[in-house]
Amino acid sequence: MTLSLTGVTMLFEVIGFLISTLIGSIVLIYRLTGDIGPNCIKRLLYGIALKNWKICQPKRMNNYNSTNPTTTRDIGILPCAEENLLEEPLQLKSQNETDEFTFYGIDDNGNSFVGKILKFYGGITEITLHLSLHGVSYSVYRKGQSSSSKEFILGNFKFEIVESMRCWRIWYNGILENDNNGTSVHAVINFLWKPFDSPMDSRRDININLLTNFCTNYGNFGSNLFDFASVLTDGYTQFGAHHGTIRIDEGQEEGLYLYGFRLRKWDFISLGIQGKFGFPKQELELFGMSGSDGKAFRLVGTNGGWIDGSRLFPSNKNFHITQVDLEPEAFLQKSLPKLFTFSDEHRSVLIEIWPSFQTRTLRDMEVVSLKLTINGRSGRGILLRKLGNLLTSSRFSTIIDTTVISPTHVMEKAESAFFDNKPQQGGPGKLEKAWKVESEIVSFNSTVEKDISVMGGKGASLAQLYQLSGDSKEFKTAKGFCVTTALFKRNLPLDEFRIMFSNSKTSELDQTCLEVMKRIKLSNARSHIVSMIGSWIDDTFGEIEVKLAVRSSGVLEDGSELSCAGQNETFLGVLPQDVAGKVVDCWASLFTPQSVRYRLNHGQPAVSEMAVVVQEMVHASAAGVLFTADPRTGNPFKLMISGNYGLGESVVSAKCDPDTISLLRTSENSRSVMKLEIGEKRLGKKKSKIILNEDGLTSEVDMTDEESRSFCINDKVAIDLGEIAIRIEQELGELKPVDIEWALHENGSIYILQCRNITSLDSWTDFELIHEADSAYVTTFERLTHANTGEVMPGVTSPLSLSVVLKLLDIGIQHQTNLRSGISTPIVPYTNQKCIVSRQRILLNILNVMFSSLDKEINTSQVASDLSIFGHRVLDESLHALAVERHGITPPWKKLKELKNLIMTVWRSQAEMEKVTKIYSNYSIPLDKIKEDTKTVYQTITDRIFDLYDVCRSHCMMSVVSTVTQMFALLTLAQGRKADDWDSDIYEDVSKVLSVCMDVESADLPTTMDELAKIIGENGGSSTEILTNFVEKSPMEGFDWISTHEQKIIPESLKDFFEKHGHRCISELDLMRKSWRSDPIPFVTLLQSLVRNKVKYQNSKTNGPKSNFPNDEALLNSLHTRLSFTAKRFLKFMLPFCRRGVWSREKTKSYLVRTGDQLKQAYERLAYLMVKDHLLPDSKLLYFMSHQQIGQLLERHPSSPKILYKAMRKMKLLPELNKEKYPEITIGIREPVDEDTKVEFGDSITATPVSSGKVQAKVKVCMSIEEASKIIEPGDILITHGTDIGWSPFFPILGGIVTELGGLISHGAVVAREYGLPCIVGAGNATKIFKSGENAILDAGKGTLTKVKVSTETNHRDVGEILLT
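Residues numbered from 1 in each chain as written. Predicted model: local features only at pLDDT ≥ 70, side-chain atom pairs only at ≥ 80, totals over all residues. Heavy atoms only, no water.

A. View of the side chain of Ser139. As for its placement among the helices and strands, Ser139 is situated in strand β4 (residues 136–145). Side-chain polar atoms of Ser139 contact the side chain of Arg360, separated by 2.9 Å. In this structure Ser139 touches Leu129, His130, Leu176, Glu177, Asp179, Arg360 and Leu362, once residues within four positions along its chain are discounted. (Helix = DSSP H or I, 4+ residues; strand = E, 2+ residues; numbered from the N terminus. Polar contact = N/O pair within 3.5 Å; in protein donor to acceptor, adjacent residues only side chain to side chain. Contact = heavy atoms within 4.5 Å.)

Structure follows, in structure tokens:
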């Protein structure tokens, strides 16, 4: 024992000696050389240090638990507060800080876009934009003072956040330089950026392999041994796609879809030439993609080594790049390497760079457009090279603006603030002012800069113009002063006004406005301010008699989101003694119904604030407006002047047809100074003008013949106006075009009366509104279908539903995919991966949903899956090859694992069904117990969204169970035969097997509705009474009749129906569609049609759920397929699971709809309260916003005006979008097809039989339920695009069903089997080939529909009852 202990002790001593020697050696080497010795040791230490450093970094994004959520926040469909904060511009606190945001993308044709906004301390902002279109390169660089510290914007270039980490808008409207020939062009760029995957934190999601190599090779840091923060720029990145349009000059608008990246960086400006690595810091970013397979990569490095790299696959999997065979130095040279290789965690990739690349230098950044070959496939790429240190790159050198005169005044102020380290008072965007905020009246010449909150939009602009005119001999600004918002607030009881508006109903709004105006005008405000204003008039204008203009100046006027033009009063020719009264009248005009409704319709409060401008009148011989860019297109090469004789009131109020003169900015090339010349001139039909009379009043007088036939200004004055306007634009326009009001004095002097930015140029286009909710396509060959989703959500889905229901469905399918594969792949809540949105329609991504588990060749289970979803075969060799390339061949062990997981899912389904039934069978939200407050109701809805997800996840599970069990049954019947050898007998046998699923909810609804119609027919009186009092009445009158009928059985039966099925409706998962219980009118319309047929065809037969087999044994014996003993036993074993699968699927769908109906009622309550609180002008607008945007509206977010404006326009677009038609399967970017597309006509079609039987009858082609209600008669064969629950009333009277969409488990197939109706699905173009009224034979056994000729002596009903079974 002693020897043993001694040996152990000696062993520890030896180990300790070796470790201490090693450490001592490392320390000695480090002291002598500043390094730590061999690379293997360095690599080990750096690897350990990096892993520890990564763990210590806070998790700032993707803070969700989408795999096992317990709250709505965990699901991740709504951006969390942390992500919203991250996406906002950083509030920079020192000169050394920067905030950089870059988007870039490229397509297969080499078209590319690079946009960068770089923000500095003090509001200074740089923009860099590069565009390559059809081989022509364009670019622009600007620097200036940003108009907002809370936006990424400079001039007419903006990155606009739509939804944090999920959607951004990129907009530019201005001048680009053609890099090929030096000319300038006008460009309008509108992109929506959507992500492919989750964002990657630059600090937490680090590439340890590349960083370890970098630090090992270049880690001689001295005291900064493990200073990784100096290596890694803080920020985040995300793969994504840019979808939008570009227009060059006035040419054709082109659509582009660019694959690329976005990166956000928060950095410190290095104060020396040498970085901490001992070399000048040069950065590069290399992006490449192959459109033929959808794979992309990104590498980031410095001239010291690679520091990051990742590879994206079309399956949305993202892997770190672990090794690159060339150093970044090779990509910083003028000539690029021809070949290089990199490796990710699974494979190596060979990149070939074609020699024909284009390079464009933009300040300190080079943009190189590349043509690549990636593992033998054609590809494209972008190389961004940022050369040199920020301060040594002449970043703040003098700008030579080649398109307009240099805005030196703005730049001198901006750069002075930057270098002098003097923060502007109030932060960026709010400049220093020389008066106290409490000042009640201020003079134009006493102010240094504007403050809209004090002087209002008009007053602040005039103050700047007055200051600018003092240094100019070109124009004047009439002197005056501004009655500030402080005087407004001190003299009016604004809190009382807020209470009055808060308590008023929408119908009472106009009356409340009139009461507020009356209180203001009858108040003592005039007497309180008259002496003060009189003193200011004497001090400003002296003792001379003057006539004044009193003009309202609201704090919301002339802003970036609102113009409020013409909403409030302006008084001209006011005598000094009347000014105080007119000021009060201006205050009152803020509360006219027109003005209040304008604010409410733009998401602003009813009670706002106002200043008033008092200014000397200009005796104008002519006046008008001038735009420094075309107000329609934003073209800065075209200035537009509108004018008339007399005062400008006739022009701005549109009381005349003014003269119009266009000025053209021209130059020999982009480097020369722009010149102005007269363009097109149009003489207006001027019949009258407004003049100022001697008594100070204005009057409208007729124009003389000479004035009517001549322009109100000559060409010289027009050119002078243009030059003045350009100078004002440069000084005050914040690099944006402006709209100015001008007047030509009788003595020839030019006066500028007002200046504001043109706010309409960045309005969202129809293209952007239609595609705002679109998902990003990983490739241009994605296969998308509405075969399944088109039944549940036919047509266009409301934006609110897309933001809630669709995202929940997508995450639910992602969850089921993970359960099937057994791999815990992170669920991505940032983008829809399974359920795709295109043009506001819901689709399935076929490659990602159906074909992720594959054999080398097409197998029968995949074909069976096709039949379940589509009703016909979809998977062919080309589609199979695409799927294999994306997902690979599934190895046998993995297939066994998936099979085991599917079986376990089926096994667990009963317990899940019991759980969901217990919770959601009678689900309700107690709205009557919730506080009548918009924010409380909104938060309740937000919390309850989790319940919708919970039942949605269960429904996805039951859908899998139903599909799997039916697939097992189909494969058993096939008995090993290949899909090509399947005949009609197999399909008929399948329909028999699936027809045993009794008591399905979808089948119970039409039965219950038919019974209700029967009760009305039997108890509602005579046929004439029923037709007169119910069928022929309006739906509302009909509803009143049956709900109050003296025969109690009728209203009681109606009540029973609503209790059981009142939560259903057409497009029932769309939150915009009210349930039958909430809005019975659509239901009553269907019921009237059903009762009409009951009365008209009293002796006709009706269908009902039926079973032709007394037991399973009888069913199996009736099959055409001869089954082996084992197959028969297995099929008999599977039948209960098939029944349960279909029943559970339909039941959970009903629970899902019931839960959704409760949310619908909650949203309806919220909409009512928002209208009541004047947050919405129309309750319907709620459904044209996302759930997040509703929350922003409640918080009065700065984007509220835009949110409401977009919602109004989306509501107008809805009818046109609903008219669009699409094929069942589309490839890539989805576009509607021409409704007149020709199809091959014939006498018959073949489709997939899902319910056996044979019938000869008239066909009725119905594209809507409304159409069916008018023309369907008993015994007809219905031909339609697809059916949902709304078609239920027709099943009891139909003779057969044919749908273009649908599969074995579609709504029409399930109900048809329950009713024993012949039914075929997947009958492409059936609605075009057949016409209503034609006679046909539907042979569901063979899957055919054939036209027949019938003797005219045979009446319709007899034909409909000829069942040829």
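Now that the structure is up, let's keep going.
B. Geometry of the pattern of salt bridges. Following the criterion strictly, the structure yields 62 salt bridges and no others. With its nearest N and O atoms 3.4 Å apart, the salt bridge here joins Lys386 to Glu100. On the criterion of sequence distance, the pair formed by Lys386 in strand β20 (residues 377–386) and Glu100 in strand β1 (residues 97–106) is long-range, its members being 286 residues apart. Owing to a relative accessible area of 12%, Lys386 belongs among the buried residues under this scheme. Glu100 gets classed as buried once you look at its relative accessible area, which sits at 8%. Lys1132 is paired through a salt bridge with Glu1113; the nearest N and O atoms lie 3.1 Å apart. Taken together, the positions of Lys1132 in helix α32 (residues 1125–1172) and Glu1113 in helix α31 (residues 1112–1117) put the pair 19 residues apart, joining distant regions of the chain. If you follow the salt bridges from partner to partner, you end up with Lys158, Glu160, Arg169, Asp762, Glu768 and Lys1202 in one network. (Salt bridge = Lys/Arg side-chain N within 4 Å of Asp/Glu carboxyl O. Buried < 20%, exposed > 50% of the residue type's maximum accessible area, 1.4 Å probe, protein only.)

C. Fine view of the environment of Val828. As for its position among the elements, Val828 is in the loop between α19 (799–821) and β35 (835–838). Put simply, Val828 and Pro199 are 629 residues apart on the chain and 9.9 Å apart in space, counted from C-alpha to C-alpha. Once residues lying within four places of it in the same chain are set aside, the contact partners of Val828 are Asp197, Ser198, Gln814 and Gln833.

D. Fine view of the sheet that holds strand β25 (residues 610–616). Spatially, five strands are ordered β21-β22-β25-β23-β24 in an open sheet, and the strand pairing comes out antiparallel. The open sheet has two free edges, formed respectively by β21 (441–443) and β24 (570–574), since each of these has just one partner strand. The average angle at which neighbouring strand axes cross in this sheet is 20°, direction not considered. Bridge analysis of strand β23 (residues 548–554) against β25 gives seven bridges, and the strand direction is antiparallel. Paired with Ser552 across the strands is Val612, a residue of β25. In the packing of helix α11 (residues 525–541) onto the sheet, contacts are made with β21, β22 (480–483), β23 and β25, and the angle to β22 comes to roughly 155°. (Pairing = 2+ DSSP bridges. Axes fitted to C-alpha atoms, helices over the stretch in contact; angles between N-to-C directions.)

E. Just the sheet that holds strand β27 (residues 638–645), in detail. Taken in spatial order, the six strands line up as β29-β28-β27-β26-β32-β33 in an open sheet, and their pairing is antiparallel. Taken across any chain shown, the strands that pair with only one partner, and hence form the sheet edges, are β29 (675–682) and β33 (750–757). Between one strand axis and the next, the sheet turns through 20° on average, direction left out of account. Pairing of strand β26 (residues 620–627) with β27 involves six bridges; the strand directions are antiparallel. Residue pairing across strands places Leu626 opposite Ile641, the latter belonging to β27.

F. Just the packing of aromatic side chains, in detail. This model, assessed by the stated rule, comprises 40 aromatic pairs. Considering the side-chain rings of Phe1057 and Phe1083, the 4.7 Å spacing of their centres and the 20° angle between planes classify their relative orientation as stacked. Here Phe1083 lies in helix α30 (residues 1081–1096) and Phe1057 lies in helix α29 (residues 1049–1061), a separation of 26 residues in the sequence. Across the pair, Phe1083 and Phe1057 agree in class, each one buried. A connected cluster of aromatic rings, assembled from ring pairs, spans Phe101, Phe103, Phe152, Phe157, Phe159, Trp168, Tyr172 and Trp193. In this arrangement the basic side chain of Arg1230 is found over the ring face of Tyr1222, its NZ or CZ atom lying 4.2 Å from the centre. Positioned above the aromatic ring of Phe1330 is the side chain of Lys1347, whose terminal nitrogen or guanidinium carbon lies 5.4 Å from the ring centre. (Phe/Tyr/Trp six-rings, centres within 6.5 Å; stacked < 30°, edge-to-face > 60°. Lys NZ or Arg CZ within 6 Å of the ring centre and 35° of its normal.)

G. Inspection of the nonpolar core at higher detail. Core analysis: the biggest nonpolar cluster contains 84 residues, and Trp982, Phe1083, Leu1087 and Val1091 have the highest contact counts within it. Setting aside chain neighbours within four positions, we find Val1091 in contact with Ala1013, Ile1016, Ile1026, Phe1030 and Val1031. In this structure, Trp764, Met958, Leu1159 and Leu1181 belong to the second largest nonpolar core, which totals 74 residues. (Core = buried A, V, L, I, M, F, W, Y, C linked by side-chain atoms within 4.5 Å.)

H. Quick look at the side chain of Arg886. By the secondary structure assignment, Arg886 is in helix α22 (residues 877–887). The exposure class of Arg886 is buried, given its relative accessible area of 9%. Here the side chain of Arg886 touches Glu782 through a polar contact of 2.3 Å, side chain to side chain. Within the structure, the side chain of Arg886 is placed 3.2 Å from the side chain of Asn848, a separation counted as a polar contact.

I. Expanded view of the packing of helix α21 (residues 860–869) against helix α24 (residues 934–974). As a packed pair, α21 and α24 sit with axes 10 Å apart at the nearest point and diverge in direction by 125°. On the basis of their axis angle, the class for α21 and α24 is oblique. Of the two elements, α21 crosses α24, and the hand of that crossing is right-handed. Taking contact as the criterion, the partners of Thr860, Ser861, Ala864, Ser865, Leu867 and Ser868 in α21 are, on α24, Thr963, Met967, Leu970 and Leu971. Here the residues of the contact of α21 with α24 are counted per class, giving five nonpolar, five polar and no charged. (Parallel < 35°, antiparallel > 145°, perpendicular 65-115°, else oblique. Left-handed = near helix turned anticlockwise from the far one by under 90°. Nonpolar A, V, L, I, M, F, W, Y, C, P; charged D, E, K, R; others polar.)

J. Quick look at the pairing of strand β10 (residues 234–248). Along β10, 14 of the 15 residues are buried, which leaves the element largely enclosed by surrounding structure. In terms of strand pairing, strand β8 (residues 184–195) meets β10 through nine bridges, oriented antiparallel. Residue pairing for β10: Val188 is matched across the bridge by Arg247. Here strand β9 (residues 200–201) runs beside β10; their pairing, made up of two bridges, is antiparallel. Bridge pairing links Asp201 to Tyr236 in β10. As paired strands, β10 and strand β11 (residues 254–268) are joined by 13 bridges and run antiparallel to one another. Residue Gly240 lies in a different strand from β11, and its bridge partner there is Gly260. The antiparallel hairpin formed by β10 and β11 contains five residues in its connecting segment, where Asp249 sits at a positive phi of about 50°.

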